[in-house]
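Overview (structure and organization)
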Amino acid sequence: ALLKWVTTNETPGIQYEVQHSSDGINFTVIKTIPSQNSARSEYDWLHASPAKGKNYYRIRAVENDKDAFTVTRMLSFSNAETISLYPNPTQSGATITIRSSGNTMMQVNSVEILDINGRPVATIPVVTGGPVMMITLPVIPSGRYILKGMNGENCLFSAGLVLVN
């Protein structure tokens, strides 16, 4: 679930809490993001492991003793395809297989690798034609990463990847 929001005229020191719920009533904070303190700021954050079924999201802006909430948005992943990476964990620079239970892979034209904080690490152009894709990972430090299957600006899938020494 890729969450995006835009702010204007931020107050210094404000923070944004990304909140998640599976019932739309009881929310928990899954990420806190400090403000950019700009006249206009754009934010995005990828929830790489949403629950199956309905997922409710909202952003809470916290400033000293005041707070405000965005509108709650619901995303459903009840009929989502399954994406698997093999081997996972794996080594930096290794070739991995990405397999889909549906047709998503036929639309992917690049794979983005993000660090655990959502910062881009690498983009790998790909050519696909079926439910299985093989890619060679770049040489990057060990750790947890997010792979995003992209078609232009559209994210078609995301999956967690662990690199070990």
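Quick note: structure is the one above.
Report follows, based on the coordinates. It should be emphasised that the depicted structure is a prediction, and the values quoted were computed from it without experimental measurement.

Looking now at the pattern of salt bridges. Applying the stated criterion to the full structure yields 5 salt bridges. Between Arg 60 and Glu 17 there is a salt bridge, and its shortest N-O distance comes to 3.1 Å. Here Arg 60 is found in strand 5 (residues 54-63), whereas its partner Glu 17 is found in strand 2 (residues 15-21), with 43 residues between them in sequence. A relative accessible area of 21% places Arg 60 in the partly exposed class. Linking Lys 148 and Glu 112 is a salt bridge whose minimum nitrogen-to-oxygen distance equals 3.8 Å. Of this pair, Lys 148 sits in strand 14 (residues 143-151) while Glu 112 sits in strand 11 (residues 110-115), and the two are 36 residues apart along the sequence. Judged by its relative accessible area of 9%, Lys 148 falls in the buried class. Here the salt bridges do not stand alone but share partners, grouping Glu 17, Arg 60 and Asp 67 into one network.

It is worth spelling out the nonpolar core at this point. Ile 98, Val 111, Ile 113, Met 133, Ile 135 and Leu 147 are the most contacted members of the largest nonpolar core, which totals 20 residues. For this core, the secondary-structure elements that each account for two or more residues are strand 10 (95-100), strand 11, strand 12 (120-125), strand 13 (132-136), strand 14 and strand 15 (154-164). With 4 residues, strand 15 is the largest single contributor of residues to this core. In this structure, Leu 147 is in contact with Leu 85, Ile 96, Ile 98, Val 111, Glu 112, Ile 113, Ile 135, Phe 157, Ser 158, Ala 159 and Leu 161, ignoring residues within four places of it in sequence. Val 18, Tyr 43, Tyr 57 and Ala 61 belong to the second-largest nonpolar core, a separate cluster that totals 12 residues.

A word on the sheet that holds strand 14. Overall, mixed pairing links the 5 strands, which are arranged 9-15-14-11-12 in an open sheet. Edge strands, defined here as strands with exactly one partner in the open sheet, are strand 9 (90-91) and strand 12. As paired elements, strand 11 and strand 14 share 6 bridges and run antiparallel to each other. Across the sheet, Glu 112 pairs through a bridge with Lys 148, a residue of strand 14.

Let us look at the environment of Pro 50. Here Pro 50 is to be found in the loop between strand 4 (40-46) and strand 5. For the pair Pro 50 and Ser 22, spaced 28 residues apart in sequence, the C-alpha to C-alpha distance is 9.2 Å. Those residues in contact with Pro 50, other than ones at most four positions away along the chain, are Ala 1, Asn 55, Tyr 57 and Phe 77.

With respect to topology, 3 strands assemble into an open sheet ordered 8-10-13, the strand pairing being antiparallel. Both edges of this open sheet fall to strand 8 (83-86) and strand 13, since each of them pairs with a single strand only. Pairs of neighbouring strands in the sheet enclose a mean axial angle of 20°, with direction left out of account. Relative to strand 13, strand 10 runs antiparallel, the two being bridged by 5 bridges. Bridging from a neighbouring strand, Thr 97 pairs with Met 134 of strand 13.

On to unusual backbone geometry, then. The step from Tyr 86 to Pro 87 runs through a cis peptide bond, and the omega angle for that step is -10°. Locating Pro 87 in the fold gives a position in the loop between strand 8 and strand 9. Following Asn 88, the chain continues into Pro 89 via a peptide bond in cis, with omega recorded as 10°. The topology assignment puts Pro 89 in the loop between strand 8 and strand 9. One non-glycine residue, Asn 9, lies in the positive phi region at around 50°. Its location among the elements puts Asn 9 in the loop between strand 1 (2-8) and strand 2. Unlike most non-glycine residues, Asn 37 shows phi in positive territory, near 55°. Mapped onto the secondary structure, Asn 37 falls in the loop between strand 3 (28-34) and strand 4.

The rules behind each value
Residues numbered from 1 in each chain as written. Predicted model: local features only at pLDDT ≥ 70, side-chain atom pairs only at ≥ 80, totals over all residues. Heavy atoms only, no water. Salt bridge = Lys/Arg side-chain N within 4 Å of Asp/Glu carboxyl O. Helix = DSSP H or I, 4+ residues; strand = E, 2+ residues; numbered from the N terminus. Buried < 20%, exposed > 50% of the residue type's maximum accessible area, 1.4 Å probe, protein only. Core = buried A, V, L, I, M, F, W, Y, C linked by side-chain atoms within 4.5 Å. Contact = heavy atoms within 4.5 Å. Pairing = 2+ DSSP bridges. Axes fitted to C-alpha atoms, helices over the stretch in contact; angles between N-to-C directions.

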